[in-house]
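Report on the structure
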Amino acid sequence: MDSGPAGVDGAGPRTPGVRSSRRLLAAGLAAVVVLLGVIAVLAIRLSGTAPAASAQAATPSPTPTSTASLTVPGIYERVAPSVVLVRTGHELGTGVIVADDGTILTANHVIAGGGIITITFADGTTANATVAAANPKLDIAALTPARLPQVVVPATLGGGADVGAPVVAIGNPLGLTDSVSAGVISGLDRTADTDHGRFAGLIQFDASVNPGSSGGPLLDAHGLVVGIVVSLATPGGRDAFAGIGFAVPIGAALGGGGNGPGRGPQI
């Protein structure tokens, strides 16, 4: 007896292999659709968050300028407007403005001989000055100018100093005004015997200084004043730089503590 047609749609008998292939194809298409959907969702999420992330990366937090090291030219440009030339009688030295009212720190031996004190500011303004305070034991004096330049630029005062740290000195060595030299801190808590007495607690450094540099600022890598230059060592007996200079730490120069071998004249 004939079995008759297997399908009700009149398509003829069904083949198992064809049915499996169609199921696999349908499953594959469904997987692709799902995968595309996942990719689309990820793309939407990424496109929604990427701009915010980019904007955040483009605006990093600023680094405080006080912690950023400067080049020697950068230190000079920052501090040179604060450095002055100090003259009294036949003496010549350097000073640095340390306050908005124009107060100047210098080495006491520059002005200790008496006479009229004349200040020349960085912009060329000249003025007489009086001694506001003097500490011969530290070789530090504070001066008050009779007049000020149009723009007063006080230096920023620093703190401690470390052996091996870079330093810059600005001053008027041998009358060569507005000179800059660079070196490192060679030692701390040094003592120097000078023609005006023994001074202790000094910073030893190797940035070049000479007569006329006294009273000038010794600056760290951030342009902060860490000391006031007062003397140099002269093992050959000549008043010329031999690689050893001395400065009073700024804390002591401002009235704080600070007390050491070295030998040489005050400059």
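Residues numbered from 1 in each chain as written. Predicted model: local features only at pLDDT ≥ 70, side-chain atom pairs only at ≥ 80, totals over all residues. Heavy atoms only, no water.

**Focus: the environment of L148**
Structurally, the position occupied by L148 is in the loop between β6 (140-145) and β7 (166-171). It is 9.9 Å that separates the C-alpha atoms of L148 and T120, two residues lying 28 residues apart in sequence. Discounting chain neighbours no more than four positions away, the residues touching L148 are D101, G102, F121 and T125. (Helix = DSSP H or I, 4+ residues; strand = E, 2+ residues; numbered from the N terminus. Contact = heavy atoms within 4.5 Å.)

**Observations regarding the pairing of strand β8 (residues 179-194)**
Pairing analysis gives 6 bridges linking β7 to β8, with the strands arranged antiparallel. Within β8, the position partnered with P166 by the bridge is V184. Adjacent in sequence and paired antiparallel, β8 and strand β9 (residues 197-205) are bridged by 2 residues. (Pairing = 2+ DSSP bridges.)

**Things to note about unusual backbone geometry**
A positive phi angle is found at D178, which is not glycine, with a value near 60 degrees. Mapping D178 onto the fold places it in the loop between β7 and β8. Look at D189: it is not a glycine, yet its phi comes out positive at around 60 degrees. Its location among the elements puts D189 in strand β8. Judged by its relative accessible area of 46%, D189 is partly exposed. (Buried < 20%, exposed > 50% of the residue type's maximum accessible area, 1.4 Å probe, protein only.)

**Re the environment of D100**
Within the element layout of this structure, D100 appears in the loop between β2 (91-97) and β3 (104-107). Each residue touching D100, except ones within four places of it in the same chain, is listed here: V152 and P154.

**Looking at the confidence of the model for the protein**
Here the protein averages 78 in pLDDT, while 69% of its residues score no lower than 70. Of the regions scoring below 50 in pLDDT, residues 1-65 engages in 4 contacts with residues more than four places distant in sequence or in other chains. Predicted confidence is poor over residues 257-265, with pLDDT under 50, and the contacts of this stretch with residues over four places away or in other chains come to 35 contacts. (pLDDT = per-residue confidence, 0-100.)

**Digging into the sheet that holds strand β1 (residues 83-88)**
Judged by pairing direction, the barrel is antiparallel, and its 6 strands sit side by side in the order β1-β2-β3-β6-β5-β4 before closing back on the first. Averaged over all adjacent pairs, the angle separating strand axes in this sheet is 40 degrees, with direction ignored. Both β1 and β2 contribute to a ladder of 6 bridges, which runs antiparallel. Across the sheet, residue L85 finds its bridge partner in β2, namely T94. (Axes fitted to C-alpha atoms, helices over the stretch in contact; angles between N-to-C directions.)

**A word on the nonpolar core**
Within the largest apolar cluster, 39 residues are counted, with the highest numbers of intra-cluster contacts made by V86, L105, I119, L143 and I228. A per-element tally of this core places β6 first, with 4 residues. Apart from the residues lying within four places of it in its own chain, the contact partners of V86 are E91, L92, G93, T94, G95, T106, V110, I111, I117, T118, I119 and L143. (Core = buried A, V, L, I, M, F, W, Y, C linked by side-chain atoms within 4.5 Å.)

**Quick word on the environment of V151**
In this structure, V151 sits in the loop between β6 and β7. Residue V151 is classed as exposed on the basis of its relative accessible area, which comes to 58%.

**A few points about the pairing of strand β11 (residues 225-232)**
Of all 8 residues making up β11, 8 are buried, and the element is well covered by its neighbours. Both strand β10 (residues 217-219) and β11 contribute to a ladder of 3 bridges, which runs antiparallel. Across the sheet, residue P217 finds its bridge partner in β11, namely I228. Once β10 ends, the chain turns through 5 residues before running back antiparallel as β11, passing G223 with a positive phi of about 80 degrees. Looking at chain direction, β11 and strand β12 (residues 245-249) are connected through 5 bridges and run antiparallel. When the sheet's bridge partners are listed, L232 is paired in β12 with G245.

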